[in-house]
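Chain by chain, the residues run as shown.
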Amino acid sequence: MSRDEEIARTFVELADTLVQDFDVIDFLHQLTARCRDIFALADAAVLLAYPEPEHMYSPAPCDPSAALAGVLDLAPREGPALEAYRAAAPVAPGDLARAPADWERFTARARGAGYTYAAAVPMRLRRQALGSLLLLSSSPLPAQDLSTAQAFADAATIGLIHARTLQQTGTVDEQLHTALHSRILIEQAKGYLAARSGASLNDAFAVLRGHARRHRVLLTTTARHVLTAGDLTAAPPASRPPADTSSTD
């Protein structure tokens with residue numbers, strides 16, 4: 001598949017949120033995976049602002065490497081992801097050797113983990129900003145790739161908001177609240193599977209995610225099933241309520 005075909009495929013995936021079984025965690029994880037592959041990045045991560053505008057956390061990727069996890073401890077407090085969110089504008093690719101002085105801790109952590117360039121784009125829709133998409137690499141990111149990453153982030157934001165509208169189950173903040181707690185369950189289940197099988201955390205997550213997709217249930221439901229039942233030998237119970245077929249006069 002060509003690069004242009006991969007980009008087109010990504011936009012289709014980011015538009016596929018108007019369904020009853022929309023899984024916000026899997027959706028955001030897929031966004032980071034596509035960015036890594038298409039832009040040849042070392043890593044990518046989504047940071048969302050919740051519950052307060054100045055408080056950010058990362059729900060995706062769900063399987064961060066040790067290097068990325070360390071960077072994500074600081075990214076909500078300083079660096080390009082926070083600046084992109086606050087300004088609702090891209091923070092252009094930059095060599096971390098010449099990063100701003102107020103990125104000192106973030107820069108030290110990122111360079112220590114092997115990243116040499118960093119950029120970020122906001123996740124925004126008009127005046128509503130949900131967070132940002134952090135891009136980390138070992139080589140400069142072309143301006144065209146940054147523009148495409150911004151388009152991906154815009155499409156993902158639209159998808160999140162449209163999913164909220166379709167489901168009519170609450171506000172965007174409530175969805176993000178669910179994402180925060182879902183991430184905790186997924187991390188616990190991933191660790192349990194890795195310890196039980198001797199696999200890596202990344203492999204354990206791949207098994208968890210694959211099982212959820214095969215059985216068409218949410219990652220969170222699958223994770224809860226693992227922690228309750230202790231394995232993945234059976235499909236977890238359905239996690240989506242049936243569509244409401246009632247009508248009003």
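Trainee: Break down the overall build of the chain for me, with residues and values.
Mentor: Helix and strand counts for the chain come out as nine helices and five strands. Shown N-terminal to C-terminal, the secondary structure of the chain runs as helices and strands in the order α-α-β-β-α-α-β-α-β-β-α-α-α-α. Taken across its 249 residues, the chain has 49% of its residues classed as buried. Across the chain, contacts joining residues at least 24 apart in sequence account for 63% of those joining residues at least 6 apart.

Trainee: Go over the pairing of strand β2 (residues 56–60) with me, naming the residues and quoting the values.
Mentor: Within β2, five of the five residues are buried, which leaves the element mostly enclosed by the surrounding structure. Strand direction decides the pairing type here: strand β1 (residues 43–49) and β2, joined by three bridges, are antiparallel. Each residue of the ladder has a partner; that of Ala49, found in β2, is Met56.

Trainee: Can you break down the packing of helix α2 (residues 24–39) against helix α8 (residues 201–215) residue by residue, with the values?
Mentor: The contact between α2 and α8 brings their axes to 12 Å, and the two run at 125°. Classed by the angle they form, the pair α2 and α8 counts as oblique. Considering the relative orientation of α2 and α8, their crossing is left-handed. Contacts from Asp26, His29 and Gln30 of α2 reach α8 at Phe205, Arg209 and Arg213.

Trainee: Tell me what's going on with the side chain of Lys190, and back it up with residues and numbers.
Mentor: Position of Lys190 relative to the elements: it lies in helix α7 (residues 172–197). Taking relative accessible area as the criterion, Lys190 reaches 2% and is therefore assigned buried. Within the local environment of Lys190, its side chain forms a polar contact with the side chain of Glu187, the two groups lying 3.4 Å apart. Residue contacts for Lys190: discarding those within four places in its chain leaves Cys62, Asp63, Pro64, Leu201, Ala204 and Phe205.

Trainee: Got a sec to walk through the packing of aromatic side chains? Specific residues and values, please.
Mentor: Two aromatic rings, taken as a pair, are described by how far apart their centres are and by the angle between their planes. One pass over the structure, following the stated rule, counts three aromatic pairs. A ring pair is formed by Trp103 and Phe106, whose centres lie 6.2 Å apart and whose planes are at 85°; its orientation type is edge-to-face. When its relative accessible area of 6% is taken as the criterion, Trp103 is described as buried. On the accessibility criterion, Phe106 (1% relative accessible area) is buried.

Trainee: Could you give an account of the pattern of salt bridges, naming the residues involved and the relevant values?
Mentor: Opposite charge on two side chains lets them pair, provided their charged atoms get close. In total, this model carries ten salt bridges according to the counting rule given. Two residues, Asp26 and Arg213, come together in a salt bridge whose shortest N-O distance is 2.7 Å. Of the two residues, Asp26 is situated in helix α2 and Arg213 in helix α8; the sequence distance between them amounts to 187 residues. We classify Asp26 as buried; its relative accessible area is 10%. The partly exposed category is assigned to Arg213, whose relative accessible area is 47%.

Trainee: Tell me what's going on with the environment of Ile158, and back it up with residues and numbers.
Mentor: Looking at the element boundaries, Ile158 is found in helix α6 (residues 143–167). Along the primary structure Ile158 and Met123 are separated by 35 residues, whereas in three dimensions their C-alpha atoms are 9.0 Å apart.

Trainee: Any chance you could break down helix α5 (residues 104–112) for me, citing the residues and the numbers?
Mentor: Given 3.6 residues per helical turn, the α-helix brings residues three or four places apart onto the same face. All of the buried residues along α5 are Phe106, Thr107 and Ala110. Down the axis, α5 shows its buried residues gathered within 95° of arc, on one side only. Opposite the packed face of α5, turned more than 90 degrees from it, sit the exposed residues Glu104, Ala108 and Gly112. The elements touched by buried residues of α5 are α3 (66–74), α4 (80–87), β4 (117–125) and β5 (128–137). One or two residues past the end of α5 sits Gly114, with phi positive at roughly 100°.

Trainee: Could you give an account of the side chain of Thr148, naming the residues involved and the relevant values?
Mentor: Note on placement: Thr148 falls in helix α6. If we skip the residues at most four places from it in the chain, Thr148 touches Ile7 and Phe39.

The rules we used
- Residues numbered from 1 in each chain as written.
- Predicted model: local features only at pLDDT ≥ 70, side-chain atom pairs only at ≥ 80, totals over all residues.
- Heavy atoms only, no water.
- Helix = DSSP H or I, 4+ residues; strand = E, 2+ residues; numbered from the N terminus.
- Buried < 20%, exposed > 50% of the residue type's maximum accessible area, 1.4 Å probe, protein only.
- Contact = heavy atoms within 4.5 Å.
- Pairing = 2+ DSSP bridges.
- Axes fitted to C-alpha atoms, helices over the stretch in contact; angles between N-to-C directions.
- Parallel < 35°, antiparallel > 145°, perpendicular 65-115°, else oblique.
- Left-handed = near helix turned anticlockwise from the far one by under 90°.
- Polar contact = N/O pair within 3.5 Å; in protein donor to acceptor, adjacent residues only side chain to side chain.
- Phe/Tyr/Trp six-rings, centres within 6.5 Å; stacked < 30°, edge-to-face > 60°.
- Salt bridge = Lys/Arg side-chain N within 4 Å of Asp/Glu carboxyl O.
- Arc of directions from axis to C-beta.

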